[in-house]
Structure formats: structure tokens, C-alpha cells
Amino acid sequence: MSVRRSVRGPRGLRAAGAAVAALALLAAGCGGGDPDGGTVTIRYSWWGAQDRAELIRKTIALFEKDHPHIKVKTDFAEYADFWSKFNTQAAGGNAPDVFQNSVAFLRKYGEKNLLLDLNAQVEAGNLGMDDFRAGLDKAGEVDGRLLGVPVGGNTFALVYNPEAFERVGVTPAAGWTWDEFDAAVHKISAAEGDLYGASDNGGVMYLYDLYLRQNGKAFFTADKKLGFTEADLRQWWGAHYADNKAGDLVPAKKSEQIKPKSSVSGDLSAAEFTWDNFIVRYAAETDTELALAPVPTTDGTRTGQYISSLMLSGSARTQHPEEVAEFIDFMVHDPEVGKTMGYNRGVLPTNAQFDAYEPTGVDAQIAAYEKSVTGVIEPITPHPAGADVAEAAFLRIYAEVALGKTSVDDAVTQFFSEAKTALGS
Amino acid sequence: MTRTQMTRPDVVERPRTPHRRTPEGPRAAGRRRETLAGYLFLTPWCVGVLLLTLGPMLVSLYLAFTDYNLFDTPRWIGLRNFRDMFADDRWWHSVRVTLEYVLVGTPLKLAAALGVALLLVRPRRGQGFYRSAFYAPSLIGASVSIGIVWRSVFQDDAVVDRAMRFVGWDAGGWVGDPDWSLPTLVTLTVWQFGAPMVIFLAGLKQVPRELYEAAEVDGAGVWRRFRSITLPMISPVLFFNLLLELIHSFQVFTSAVVLGGSGGGAGGPADSLLVYTWYLYEQGFRNLRMGYASAMAWMLMLGIGLLTAVLFRTQRGWVHYEEGTDAR
């Protein structure tokens, strides 16, 4: 008996040992191996919808054909989910090698030393920063470091229904004022039919930023604080809420219910403030003709507008900074990439790409609009860390006001409290 | 194979006492080897528990007392996260939303489960089919896809909206209406009553038929029989289901996020779907306040633990365990 057991015992042990070894092997397998045969794999992720993903995959195919030794692994998600995932990956030291970014996040992640300073790669000749269109070449620089390279430029605009504005005899033009805009909106809403003059954009941080800039202020100050007072915000939200109650703006419940469409592409309103490249999506969602108009002014000249842009950034922890730089270089300079992407991420960043792409349809509208506002573009202030959280709170809290769930005064207090936490001031 | 190997030593060595004085004997050595083998076989599970459950839990307990933004070193701040929580209006709001969801959804779900189980307990044709049909929703319930289906059913101009308009009630989409979005979420959980139903069915089958027959002879009606026989007899099952569903509902996440996320940022219109776990996630992964999120997680655990303890306390008053069985 004891003889049999002494044989069986070790066998049991051996089997268990084998199981553990197999597990260890499995774990090692998940870790990914070395680059074999000189091929380097870089991970690239971005936010956006399916249409963007299809275009980007085509551009990656172009890149891989041109750089046979680099393979690109892709991953994408919707905007908010993208950042949750990115935060998780980055916290684990596993951020994608190269990823879509925007001006709003340069400070936030730059301060955490998560972004690759691309200046070294520019000096090494792997990335060219020449040939960028005006206002874009310096867009990714923060405190002397190059943290992002623009892949497209966007400017804020009014997406509107020209037929509805024509009916009330108003033609939006450069230098028009808020009073003219409000009057047109009121007339459209008062006219027969279900159409409201405008969406309620009281919670859109970028619009309020422009309004503040027209009045010599800004949403964020250079020292990373809010650039306006509680009284300022009470006035802004109070005016929007009053217009909403008076029936000039789309009621909040309706605009919530029409989601994921926007009020203007859901044919609820005749005008909505947003980034000019959004007209691509809106035009696809409605049969109504839409056009782009400049933002109204306070004094008849200053709109406060600036070019924002989507960018590509590298991860500071990437093992392949050269390949990342080559990838970014190809994506911003290659004319074929420009032809493929069109204005999906905004107007193309370099002259080579801008000239290669012949815009048609809504893209032609965007090109014309961008050209029309070139003269009024001001420099952009990079947002402080936490600006994205403040932006989301601004939108959410005003929506509660518009829905009648809270008063303007309480909402302003709430926003200042949340913004203080977010900006860490 | 493994099992016989592992149990055999005990069987063989029934008269243990004589061997105790020679622990280093060959048999003891063999046993130790086998014990070791047993632990080795357990290793994958142990590693999983230690690395994926226990470890993170302890770390999160530590983080609950720190200011941690995922990237910089955590900074010890004592109880400040908890103090902030009580001063945070949105935290209170998320507690309210979650309680409303749990306190309305769970009783309705259990009532539906018990009701359908009572209908299905009697043998009849097609019984198997009906059971599967009612059970099916709880198989797919927690998935993202069903959340998407639910959203599109209750959206503006979708099936429900049109049906309601047909009967003269133009409410628009329920999902986008801050007053109706939570009821929409509740209907989703109630619809998934299949799992508790199956447990109720098992419980109902245990009730001795003689009790009903005797009651019928005494002239007890349907309601009386239900109140005086069925309910007390299945009270252990009811208790089990109640406990399970309560704990489960407090942790609602996926369905609320999918329903509330139609506009990009979940939480629903006017935060009406801001369930506790979502607010926790938002604070941790979007606002990068991982210390605060950890504190919230432990607060939730405390809350659920407290509720469970209270429920266990009350069971003496209403849960009847049959004597002589080992139901306890």
C-alpha cells in the first residue's frame, strides 16, 4: 500500500506542478513577445464613431504599405469611454503608444508626464513641423514642450437652417450681434409651426467662453482658475433660462428626448452653436439644408474665436518613440491621408493635405467658413487640468436648470463648488 | 481521479492515534505530499482570489483614506473623503436614486417572480416551454445589448411612445424624460424575474400537498391557503431571494449606464439615472478621484452589509425553517 502511494503521491505533485507551469506559460503568452524579424508594433487609439474608424483604417493601410517594418494595432471608442479607458491604461503604465488628443487635455496629461515630448523627434528628423497652416504649428506646444501634433482644425460656429432665417428676414453675417440673433430666434419661434429659433446652448462651455472673451474675460484664466464670477454665470444662465421659459429656445425635455440626435439635426430648432466639423454629422442626420454662420458679437467686431484642434500625441512610456514620430509625420503630411480623411477631424492641418483634398458638399461649406473667419482668429489658451470635468459639470448642471430641477442660484453655487474640486484650486 | 487520491489516506488511516507519535513516518510524509499537491491544484484559484479580489480590496481600503488621481502617489488625508461625501449633493442624490431603484424594483421583481412561479408550479402541457420563456430574460439581462434594446423601445417616437400616443398620451421618449427614466430602468429589472422565479418554483415544490388538502377540507379559500400555508412554507426561499436581489440591485451598473448614456455622459437626463456605482465610476475613472471613489465603494459595502445584518435579525420574526431539516 505504502509503496503504491509513494508512487502516486509524486505523480499527483508532478501533475499539479505541470498545471502551474502551464499557467505561468499562459500568463507569459499574454504579455506579448519581442518584435520578431525587425517588425515593430505600435498601438494607436482614438475616439469617434464608426465612420471615422473606417477612414482611419484606410490611412493606416497606407502607412503600413509605406513603412513595412511597422505594424499598427488599433482601438477606438466614443469620446467619454475613450478617456475612461485611457486613464485606466495610463495608470497601469500601459497607455497606447500614439493616440488622439485635443488641446483641452495637453495640460492635464502633460503635467502628469504622460505625454511624449516630440521635440527630440523633430530634431532627429523623424517628424516635420513645417508646412502647417496658420495657427496650427504652435497649437501642441505647452511650456516649451511639443505634446501634440494637430490632425485637423476646428472653429466654433452657428449651424443654422438658412431657410428659417430667411423667412424672418435675417441673414447671419460677420459682425452681427447677440441682439440681432435673439430677435431672429424669437421671430422663428413665434412663427407658425413646431420649429424653435435655437437650441438652448446655455450649458455649452465653449460658447460661454467666446461670450466671455468678447467681454474681455475667459472661461479659464492662465493661472488655472475660473475666469468669471458667480454673478456673471447667474446672468448667463438666467438669460438662457428666461428665453427657454418664454418659448424661444427648445424646451430641455424635448432636447433630452431627441438624443442622440441634436436639436438642430432633429429638426426641433433652427440654430445651434457647435464646432464647425459637426455639420458633417448633422447634415447626415436630417434632410433639412444646414449652413454655417459666424458667432454673434457683443460689440460688432470681436467674436473671441480661436482654432481648436484634434491632435496626435505619443505616450511618454512608449518603447518606440521613433516609430511613433514617423507615424504622426505620415498622418499629418501625406497627401493621400488627407484625401482619405477629408474634414472628419476638422480642416486638414498641413498645406500638402489641404491642397490635395478637394472638398465637396458640407466639407466645402466648412472650408468656406474657415476661410471667412481667418481674420478674427485669436490665440487659444491651453485648458488647465480638470477643464474637461468642469466642462461636463457645466453642461450637466445647466441641463438641470433648464429641466426645472434646480434654480439658477443653486446651480451656480453647485457649479462653482464642483469646478473648484475639478481644478484643484 | 483526484478526489479518490486525496480522500484515500483518510480512509486507509482510520485508526489514526497509534501513528501520532511518529509524525515523520513514511505515511505522514506521503500525506504531506498529497496535501501539497492539493494546494498546488488550488493555486490558480488562490492566485485569482489574492490578486484579483483580496489584494485590490485591501488597496482600495487604503486608497479610501488618500487623495489619489491614478497617476501621482496617493496622499494620506484621513477621513476627508468621507467628510466630502456627506457634503456632496450629488452623492446624496445618487444614494436617493439607488434606494428608489432598489426599494421599488426589488419587491416588484419578487412579486412577479412569485406570481409566475405559482402559475407554473402545477403540472400542465408546455410547462417546460413557459419556464424557459420566463427564465430567458434573466440570462441576457445584465448585457449591454439588452440595455440598448430597452433604450430603443422607450425612446422618442419608438414603440412605447407610439403606443402611448395611440391611447392619447403624448409623453415623448421615456428615457429622455427625467421623471420617467428611472421607472424605465425599474421595468428592465422587473422583467428579469426569471432567476428568483426558478428558486421560488423549487421552494413551492417542497410544500407538502397534504397541507393544502387538509386546509381545503377545513374550508380555507385560495387567499387563505396562500397566506397561511404557501408563504410560511416558502419563507426561507423568500428570504434567500430577497437578500440576493437586494444585494444585487444595489450594484446595478450596466443597465443604468446604457439607458442613461444616450447623450454621451451617462447619468441620464438631470442625473435621474445617477446610480451609486455609476457615480463611483465617474469619480474614479473620469474625474480621476480614485481615493474618493474607493471611499464610496467601501461606503456602499458598509451600507449593504448593514442592511444584510438587519435582514438577518428580522428573519426570526417571519422566516420559518422546518424542524428536523438542515435548511439552516
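Residues numbered from 1 in each chain as written. Chains lettered and ligands numbered in written order. Predicted model: local features only at pLDDT ≥ 70, side-chain atom pairs only at ≥ 80, totals over all residues. Heavy atoms only, no water.

The condition is simple: UniProt positions are given in the numbering used here, feature names are shortened, and annotations may be inferred rather than shown by experiment.
The name an unreviewed UniProt entry assigns to chain B is Carbohydrate ABC transporter membrane protein 1, CUT1 family, from the organism Actinacidiphila glaucinigra. The heading Sequence similarities (unreviewed entry) in the UniProt record of chain B holds the text "Belongs to the binding-protein-dependent transport system permease family." Regarding chain B, the UniProt comment filed under Subcellular location (unreviewed entry) reads as follows: "Cell membrane".

Named according to an unreviewed UniProt entry, chain A is Multiple sugar transport system substrate-binding protein originating from Actinacidiphila glaucinigra.

## A closer look at the overall build of chain B
Heads up, the condition is: A run of H or I in DSSP becomes a helix once it reaches four residues, and a run of E becomes a strand once it reaches two; helices and strands are each numbered from the N terminus. For every residue, the accessible area obtained with a 1.4 Å probe (protein chains only) is divided by the maximum for its type, and the residue is called buried under 20%, exposed over 50%, and partly exposed between those limits. Pairs of residues are marked as contacts when any of their non-hydrogen atoms sit within 4.5 Å. With residues, only the protein chains shown are counted as cover, and all accessible areas are computed by Shrake-Rupley using a 1.4 Å probe.
Each helix and strand in chain B was counted, giving 14 helices and two strands. Classification of the 328 residues of chain B by burial places 42% in the buried group. In chain B, the share of contacts with a sequence separation of at least 24, taken over all contacts with a separation of at least 6, comes to 67%. Carbon and sulfur atoms make up 64% of the accessible area of chain B, which amounts to about 18,900 Å² in all.

## Comments concerning the side chain of H67 of chain A
Checked against the element boundaries, H67 of chain A lands in the loop between α2 (50–66) and β2 (70–77). Not counting residues within four places of it along the chain, the set of residues in contact with H67 of chain A comprises E326 and F330 of chain A.

## Observations regarding the pattern of salt bridges
Stated precisely, the cut-off is as follows: Salt bridges are counted wherever a side-chain nitrogen of Lys or Arg sits within 4 Å of a carboxyl oxygen of Asp or Glu.
Throughout the structure, instances matching the rule amount to 25 salt bridges over all chains. Residue D388 of chain A is joined to K108 of chain A by a salt bridge in which the shortest nitrogen-to-oxygen separation is 2.9 Å. Remark: K108 of chain A occurs in helix α4 (residues 103–111) and D388 of chain A occurs in helix α16 (residues 387–402); sequence separation between them is 280 residues. Side by side, D388 of chain A and K108 of chain A carry an identical accessibility label, which is buried. In this structure, R75 of chain B and D67 of chain B form a salt bridge, with 3.1 Å as the shortest nitrogen-oxygen distance. Relative accessible area serves as the criterion here: at 46%, R75 of chain B is assigned to the partly exposed category. Given a relative accessible area of 35%, D67 of chain B falls into the partly exposed group. The structure contains a network of salt bridges with shared partners spanning R396 and E418 of chain A together with R90, D271 and E282 of chain B.

## Observations regarding the nonpolar core
The nonpolar side chains of soluble globular proteins are, as a tendency, buried together. What counts is decided by this rule: The criterion is simple. A nonpolar core is a set of buried Ala, Val, Leu, Ile, Met, Phe, Trp, Tyr and Cys residues joined through side-chain atoms within 4.5 Å.
Among the nonpolar cores identified, the biggest contains 158 residues, and F219, L233, W237, F327 and F415 of chain A are the most heavily contacted of them. Examining the composition of this core, we find that nine residues originate from one element, helix α14 (residues 290–318) of chain B, more than from any other. Excluding its chain neighbours within four sequence positions, the residues that come into contact with F327 of chain A are I42, Y44, I60, F63, V72, V98 and L312 of chain A. With 20 residues, the next largest nonpolar core counts V116, V121, L201 and L238 of chain B among its residues.

## Brief notes about unusual backbone geometry
Residue and element names in this part refer to chain A. For D267, which is not glycine, the phi torsion reads 60° and is therefore positive. Within the secondary structure, D267 sits in the loop between α10 (252–257) and β7 (271–275). Judged by relative accessible area, which is 39%, D267 ranks as partly exposed.

## A word on the packing of aromatic side chains
Which entries qualify depends on this criterion: Between the rings of Phe, Tyr and Trp (Trp by its six-membered ring), a pair exists once the centres lie within 6.5 Å; its type follows the angle of the planes, with under 30 degrees stacked, over 60 edge-to-face, and the other angles tilted. Lysine NZ or arginine CZ positioned within 6 Å of the ring centre and within 35 degrees of the ring normal marks a charge as sitting over the ring.
Applying the stated rule across the entire model yields 65 aromatic pairs over all chains. Pairing Y206 of chain A with W275 of chain A gives two aromatic rings, centres 4.8 Å apart and planes at 70°, and the pair type is edge-to-face. Here Y206 of chain A, found in helix α8 (residues 205–214), pairs with W275 of chain A, found in strand β7; they are 69 residues apart in sequence, far enough to count as distant. For W275 of chain A, a relative accessible area of 13% puts it in the buried group. A centroid spacing of 5.6 Å and a plane angle of 20° characterise the contact between F65 of chain B and W76 of chain B, whose relative ring orientation is stacked. A residue pair is termed long-range when its members are at least 10 positions apart, and F65 of chain B in the loop between α2 (26–63) and β1 (66–67) and W76 of chain B in strand β2 (residues 75–76) qualify at 11 residues. You can call F65 of chain B partly exposed: its relative accessible area is 22%. The exposure class of W76 of chain B is exposed, given its relative accessible area of 54%. The residue whose ring lies beneath R133 of chain A is F354 of chain A, and the NZ or CZ to ring-centre distance is 4.8 Å.

## Here's the deal with the UniProt feature "transmembrane region" (unreviewed entry) in chain B
Mapped onto the present numbering, the UniProt feature "transmembrane region" (unreviewed entry) falls on residues 36–65, 101–121, 133–154, 180–204, 233–253 and 290–312 of chain B. Taken end to end, residues 290–312 of chain B has its terminal C-alpha atoms 33 Å apart, with 100% of it in helix and 0% in strand.

## Looking at the packing of helix α4 (residues 89–121) of chain B against helix α13 (residues 276–286) of chain B
All names here are of chain B. Keep this limit in mind: The angle between two axes is taken between their N-to-C directions and runs from 0 to 180 degrees, where each axis is a line fitted to C-alpha atoms and a helix contributes only its stretch in contact. Our angle categories are set so that under 35 degrees counts as roughly parallel, over 145 as roughly antiparallel, 65 to 115 as roughly perpendicular, and the remainder as oblique. Residues are grouped as follows: Ala, Val, Leu, Ile, Met, Phe, Trp, Tyr, Cys and Pro are nonpolar; Asp, Glu, Lys and Arg are charged; every other residue, Gly included, is polar.
Viewed as axis vectors pointing N to C, α4 and α13 meet at an angle of 150°, and their least axial separation amounts to 8 Å. Relative to α13, the element α4 lies roughly antiparallel. Where α4 approaches α13, its residues R90, W91, S94, V95 and T98 are matched on the opposing element by Y276, Y279 and E282. Among the residues forming the contact of α4 with α13, the class breakdown is four nonpolar, two polar and two charged.

## Brief notes about the environment of A325 of chain A
Residue and element names in this part refer to chain A. Within the secondary structure layout, A325 lies in helix α12 (residues 321–333). Residue A325 is classed as buried on the basis of its relative accessible area of 0%. Every residue in contact with A325, bar those within four places of it in the chain, is listed here: Q121, N126 and L127.

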